[in-house]
Amino acid sequence: MKDSPKVSIVIVNYHNKKLLVENIEYLKKQDYTNFDVLIIDNSSDLSLKNLNAFFKIEIHRLTNNTGFSTANNIGYLLSDISSEYILFLNPDAFLPYEWLSKTVNRLGQDSYSNIGIYSTPLYGFDFKAKKPNNKIDSLGIYQTWYGKWYDKGQSEDIKSYELFTPYEPKAICGALMFCKKVAVDDILIKGYQVFDQNYFMYKEDIELSLRVKKKWRLLIDPSHYAYHCRGWNKKRKLMPKKLKVMSSQNELKMHCKYQPVYIIFSLVKLFITKCFG
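Being a predicted model, the structure only gives us computed values, none of them experimental. (Residues numbered from 1 in each chain as written. Predicted model: local features only at pLDDT ≥ 70, side-chain atom pairs only at ≥ 80, totals over all residues. Heavy atoms only, no water.)

Asker: Would you explain the sheet that holds strand β12 (residues 217-220) in this entry?
Answerer: Within a sheet, adjacent strands bond to each other through the backbone by hydrogen bonds, running parallel or antiparallel. Here we have 7 strands laid out as an open sheet, ordered β3-β2-β1-β4-β11-β6-β12, and mixed in their pairing. Edge positions in the open sheet fall to β3 (57-61) and β12, since each of these has one partner strand only. Across the sheet, the mean angle from the axis of one strand to that of its neighbour is 20°, orientation sign disregarded. Pairing geometry for strand β1 (residues 7-13) and strand β4 (residues 85-89), over 4 bridges, is parallel. Bridge pairing in β4 places Val10 opposite Phe88. (Pairing = 2+ DSSP bridges. Helix = DSSP H or I, 4+ residues; strand = E, 2+ residues; numbered from the N terminus. Axes fitted to C-alpha atoms, helices over the stretch in contact; angles between N-to-C directions.)

Asker: How should the packing of helix α6 (residues 241-258) against helix α7 (residues 263-276) be read in this particular structure?
Answerer: Between two packed helices, the angle of one axis relative to the other and the distance separating the axes together describe the packing. Look at α6 against α7: their axes get within 9 Å of each other, and the N-to-C directions meet at 165°. One finds that α6 runs roughly antiparallel with respect to α7. Relative to α7, the crossing made by α6 is left-handed. Taken together, the residues of α7 that come into contact with α6 (itself represented by Lys241, Lys244, Val245, Ser248, Gln249, Glu251, Leu252, His255 and Cys256) are Ile263, Phe265, Ser266, Leu267, Lys269, Leu270, Thr273, Lys274 and Cys275. Each residue belonging to the contact of α6 with α7 can be placed in one class, and the counts come to 8 nonpolar, 5 polar and 5 charged. (Parallel < 35°, antiparallel > 145°, perpendicular 65-115°, else oblique. Left-handed = near helix turned anticlockwise from the far one by under 90°. Contact = heavy atoms within 4.5 Å. Nonpolar A, V, L, I, M, F, W, Y, C, P; charged D, E, K, R; others polar.)

Asker: Just checking my understanding: could you explain the packing of aromatic side chains for this structure?
Answerer: Ring pairs (aromatic) are described by centroid distance and by the angle formed between their planes. Within the structure shown, the criterion is met by 12 aromatic pairs. Pairwise contacts between aromatic rings join Tyr26, Phe94, Tyr123, Phe125, Tyr225 and Tyr227 into one cluster. Sitting above the plane of the Tyr26 ring, Lys29 keeps its charged end 6.0 Å from the centroid. If you follow Lys56 out to its NZ or CZ, it ends over the ring of Phe35, 4.8 Å from the centre. (Phe/Tyr/Trp six-rings, centres within 6.5 Å; stacked < 30°, edge-to-face > 60°. Lys NZ or Arg CZ within 6 Å of the ring centre and 35° of its normal.)

Asker: Sorry if this is basic, but what is going on with empty space enclosed by the protein here?
Answerer: A probe matching the size of a water molecule, rolled over the atoms, marks out where space remains unfilled. Scanning the entire structure with this criterion turns up 1 cavity of 30 Å³ or more. Of the pockets and cavities examined, the largest cavity occupies roughly 40 Å³. If you trace the largest cavity, you find it lined by Ser119, Thr120, Leu122, Ser138, Leu139, Gly140, Ile172, Cys173 and Ile220. Grouping the amino acids of the lining of the largest cavity by side-chain chemistry returns 5 nonpolar, 4 polar and no charged. (1 Å grid on protein atoms, 1.4 Å probe; cavity = no way out; pocket = protein on both sides within 12 Å on 5 of 7 lines; lining within 4 Å. Points joined across faces, edges and corners; volume = space filled by probe spheres on them.)

Asker: Is there a simple way to explain a nonpolar patch on the surface in this structure?
Answerer: Taken together, the side chains of Ile264, Leu267, Val268, Phe271, Ile272 and Phe276 define a hydrophobic patch exposed on the protein surface, amounting to about 650 Å² of accessible area. Note on Ile264: relative accessible area 61%, which makes it exposed. (Patch = residues over 30% accessible without salt bridge, like charges linked within 9 Å, V, L, I, M, F, W, Y side chains within 5 Å. Areas by Shrake-Rupley, 256 points an atom, 1.4 Å probe, with all protein chains shown as cover. Salt bridge = Lys/Arg side-chain N within 4 Å of Asp/Glu carboxyl O. Buried < 20%, exposed > 50% of the residue type's maximum accessible area, 1.4 Å probe, protein only.)

Asker: Even after reading the chapter, I still don't get the sheet that holds strand β5 (residues 93-94), so can you show me in this structure?
Answerer: Taking strand neighbours across the sheet as the criterion, the 4 strands line up as β5-β13-β7-β8 in an open arrangement whose pairing is mixed. Each edge of the open sheet carries a strand with a single partner, namely β5 and β8 (131-138). Bridge analysis of β5 against strand β13 (residues 226-228) gives 2 bridges, and the strand direction is antiparallel. Paired with Ala93 across the bridge in β13 is His228.

Asker: In this structure, what is going on with the pairing of β1? I would like to understand it.
Answerer: Along a regular strand, successive side chains alternate from one face of the sheet to the other. Across the 7 residues of β1, 7 count as buried, placing the element largely inside the fold. In the classification by handedness, the crossover that spans β1, the intervening helix α1 (residues 17-28) and the parallel strand β2 (residues 35-41) is right-handed. (Right-handed = clockwise from strand over helix to strand, strands pointing away.)

Written out as structure tokens, the structure reads:
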């Protein structure tokens, strides 16, 4: 009997211990056992050592905050060479009991052989109440006709959409990206970067999705789902101006590389963000 494929789960932590502990609790309950967890700690939080009680975990502490992309790339480089899949998972994303087993079984089918990045619908989760909030977090990332990127269905009631068959989004939310190792190996930048390290944070998941789509397919499967607390501030107006400018700059950079038709929109957006926040 063939052994079940190995999965390496990469989680980047930055001062998110409470969310991370809950994340690990969900992973402990998975019915799929052939996986390990690499926590890349951007915050040098020594209190995370208690998580080592879960034998599948390795914690790698970085001396400074390298950003989301670089930290995930470090996790990729440290992952088990025998792993067939790499799951990039945010600390605030929680996997229900059968998520890993269902995903691995799906991707083992011949009809899924050309899928590079797989995900499922993300539903909202109220961390304080420790329960789902019955809202959609993301059904995949899409784009308006003028170039704006957005998470489909975000903040809408779960019952607003009836999803039955797998579908291909424009991009996949970086909170939960289940990647075939051969696919990411196929599109590496400089031979080692899964995520483009020119993106400290913001839009790096979209850039990766666009790069993967050149050779592979993206897929969201609504036959199961995961939860996402959405740790960042949901109200963009309350975000620090510095972060909004960074996001706009990354969007412009990405459009220059992949979608020049949207450059004007990105330039205007960046100008407005810098001037008015």
